[in-house]
Amino acid sequence: MSSSHPVTDNAKVGAEQVPFDTSLWTGRAEPDESERALYWYQVVGAHQTADDDDSKANSKVTLVGFACDQGVRRNLGRVGAKLAPPAIRQTFAKLPITPILQDKFDKADYGLLLADAGDVICHDNDSLMPDVLEQTQALYSQQVSDIIQQDSLGIGIGGGHAIAYASYMGLWQALNNDSKLDENTPKPSQSNAPKIGIINFDAHLDIRNAPKGTSGTPFRQIAEHNQAHGQPFHYCAIGISQFSNTAALFDRADELGVTIISDDNCARDSWENSAKKLNEFIDQVDVLYVTIDMDAFPASIVPGVSAPAAKGISLDFTERCLEVIFASGKVKMADFAEINPTYDIDARSCKVTARLLALMVQHHLLLQD
Ligand SMILES: N=CN[C@@H](CCC(=O)O)C(=O)O
Ligand SMILES: [Mn+2]
Ligand SMILES: [Mn+2]
């Protein structure tokens, strides 16, 4: 990423939306190979907003960045996640489009597979600021809502895990036709509203109590939002470590009815048991939001995060879970959080993220008619 990239522009303060940056989408050209030597950088296009020319069909998957670590800063973490969206895109851009995907789609449709809606940036002058996280979340939520209303799978690229509250609110707005984040006006109970389930891969529960939103509070904020709207809170946390969460947080998880599949469960239970627990959770809901906090993985494979994991869960277990989750056909929103390129080694953390992103895109595209 060049030093003049808008994410690192410290002359501004506040939330800013920047469009698709084609300079991030580069890779190798292979003129000596067949046309099946194809990479994601070669098919991605700009996201068409609802106001653009509607004669063009919408992309089946749309990426949107949340370049923000104000929530990590408020949570006393190591900042730097703000730099992750361009870094993850650059790594993902260089991954090949797999044979199975090329076999499924006509070449003429490749341009409809993936769009990039650019980044929502939190300019915070590298300091604690009162409202800038909330402004960034609101702007990002609008983007997410727009993408989902166009019937595209939204995939958010964080940024700190404060992305989760904003991704959820964007999904909520799309499903409930809310025009904006409006926490102060609880709506009457909507008994026919689709039931949203949240699946979070994370070492942490992220249901902290705090006076303002942080990267450690998003699921508590969602629980309170749902309660204010008469909606149930369906939250499944996978990879939770007994040594990364206090007893107070486990008590709150109990009160909120959180389904926990711990890091120990992931490693020691049979796959059949874990899949059964996951499917029982999925069966209770109509729509799924999947979020992957990259500190769920061992620090050896994902060193570039704010809070590296001592144990972590395996990449293979996570990929098996993603297979089950996407097979439900219920996923409408997903995101990645907490990658911090400043602490990465050989772009290892970005590579794991890009692989999971490619898998999600593939699972979703293979479900299409
Ligand atoms: N999203 C991060 N949440 C963690 C961070 C833990 C840490 O910084 O050690 C949490 O608040 O528990
Ligand atoms: Mn975490
Ligand atoms: Mn988290």
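Residues numbered from 1 in each chain as written. Chains lettered and ligands numbered in written order. Predicted model: local features only at pLDDT ≥ 70, side-chain atom pairs only at ≥ 80, totals over all residues. Heavy atoms only, no water.

S.K.: Any details on the UniProt feature "binding site: Mn(2+) 2" (unreviewed entry) in the chain? Residues and values, ideally.
M.R.: If you check UniProt for "binding site: Mn(2+) 2" (unreviewed entry), the listed places come out as Asp-202, His-204, Asp-293 and Asp-295 in our numbering. Judged by maximum C-alpha separation, these annotated positions cover 94 residues in sequence but sit close together in space, the widest gap being only 8.7 Å. With respect to the helices and strands, the residue Asp-202 is situated in the loop between strand 6 (196–201) and helix 6 (218–228). Here Asp-202 is in contact with His-161, Ile-238, Gly-239, Ile-240, Asp-293, Asp-295 and Ala-296, once residues within four sequence places are set aside. A distance of 3.3 Å separates the side chain of Asp-202 from the side chain of Asn-200, its partner in a polar contact. As for its placement among the helices and strands, His-204 is situated in the loop between strand 6 and helix 6. His-204 gets classed as buried once you look at its relative accessible area, which sits at 17%. Among residues more than four places away in sequence, those in contact with His-204 are Tyr-235, Ile-240, Ser-244, Asn-245, Asp-295 and Ala-307. (UniProt positions renumbered as here; feature names shortened; annotations may be inferred. Helix = DSSP H or I, 4+ residues; strand = E, 2+ residues; numbered from the N terminus. Contact = heavy atoms within 4.5 Å. Polar contact = N/O pair within 3.5 Å; in protein donor to acceptor, adjacent residues only side chain to side chain. Buried < 20%, exposed > 50% of the residue type's maximum accessible area, 1.4 Å probe, protein only.)

S.K.: Describe the coordination of the manganese ion (ligand 2), naming the residues involved and giving the relevant values.
M.R.: Distances from the manganese ion (ligand 2) to its protein donors, namely Asp-202 (OD), His-204 (ND1), Asp-293 (OD), Asp-295 (OD) and Asp-295 (OD), fall within the range 2.2 to 2.4 Å. For the manganese ion (ligand 2), the donor residues sit on a single chain with the sequence spacing D-x1-H-x88-D-x1-D. The metal-metal distance between the manganese ion (ligand 2) and the manganese ion (ligand 3) comes to 3.2 Å, with Asp-202 coordinating both. Of the two residues, Asp-202 and His-204, neither departs from the other in class, the shared state being buried. (Donors = N, O, S within 2.8 Å, 3.2 Å for Na, K, Ca; no water.)

S.K.: Before we move on, can you summarise the coordination of the manganese ion (ligand 3) with the specific residues and values?
M.R.: Each protein donor to the manganese ion (ligand 3) is listed here as His-161 (ND1), Asp-202 (OD), Asp-206 (OD) and Asp-293 (OD); together their distances run 2.0 to 2.2 Å. For the manganese ion (ligand 3), the single-chain donor residues occur in sequence as H-x40-D-x3-D-x86-D.

S.K.: Would you mind going over the site of ligand 1 in detail, with residue names and values included?
M.R.: Every residue near ligand 1 is listed here: Asn-75, His-161, His-204, Asp-206, Arg-208, Ser-215, Gly-216, Asp-293, Ala-307 and Glu-338. Asp-206 is positioned such that a nitrogen or oxygen atom in its side chain is 2.9 Å from a nitrogen atom of ligand 1. A total of 340 Å² of accessible area belongs to ligand 1 in isolation, and the protein chains cover 79% of it. Across the shell around ligand 1, the residue classes tally to one nonpolar, five polar and four charged. (Near = heavy atom within 4 Å. Areas by Shrake-Rupley, 256 points an atom, 1.4 Å probe, with all protein chains shown as cover. Nonpolar A, V, L, I, M, F, W, Y, C, P; charged D, E, K, R; others polar.)

S.K.: Please give an account of helix 5 (residues 163–176) that cites residues and values.
M.R.: The terminal C-alpha atoms of helix 5 lie 20 Å apart, and with 14 residues this matches the ideal 20 Å at 1.5 Å per residue to within 8%. The element helix 5 is extensively covered by neighbouring structure, given that 13 of its 14 residues are classed as buried. (Expected span 1.5 Å × (residues − 1).)

S.K.: Which residues make up the UniProt feature "binding site: Mn(2+) 1" (unreviewed entry) in the chain, and what are the values?
M.R.: UniProt's feature table lists "binding site: Mn(2+) 1" (unreviewed entry) at His-161, Asp-202, His-204, Asp-206, Asp-293 and Asp-295, given in the numbering used throughout. Spanning 135 residues, the named residues form one tight spatial group whose C-alpha atoms are at most 12.1 Å apart. A distance of 2.8 Å separates the side chain of Asp-202 from the backbone nitrogen of His-204, its partner in a polar contact.

S.K.: Describe helix 11 (residues 348–367), and please don't skip the residues or the numbers.
M.R.: For helix 11, built from 20 residues, the straight-helix expectation of 28 Å at 1.5 Å per residue is met to within 8% by its first-to-last C-alpha distance of 29 Å. Most of helix 11 is tucked away: 15 of the 20 residues are buried.

S.K.: Before we move on, could you go through the environment of Phe-317 and cite the residues and values that matter?
M.R.: As for its position among the elements, Phe-317 is in helix 10 (residues 315–327). Of the residues examined, Phe-317 reaches a relative accessible area of 8% and is grouped as buried. With residues near it in sequence (within four places) discarded, Phe-317 still touches Ile-238, Cys-266, Trp-271 and Ser-274.

S.K.: Report on the packing of helix 5 against helix 6, specifying residues and quantitative values.
M.R.: The N-to-C vectors of helix 5 and helix 6 enclose an angle of 30°; their axes lie 8 Å apart at closest approach. One element, helix 5, and the other, helix 6, form an angle in the roughly parallel class. Between helix 5 and helix 6, the contacting residues are Ala-164, Tyr-165, Tyr-168, Met-169 and Trp-172 on the first element and Pro-218, Phe-219, Gln-221, Ile-222, His-225 and Asn-226 on the second. Residues belonging to the contact of helix 5 with helix 6 are distributed by class as follows: eight nonpolar, three polar and no charged. (Axes fitted to C-alpha atoms, helices over the stretch in contact; angles between N-to-C directions. Parallel < 35°, antiparallel > 145°, perpendicular 65-115°, else oblique.)

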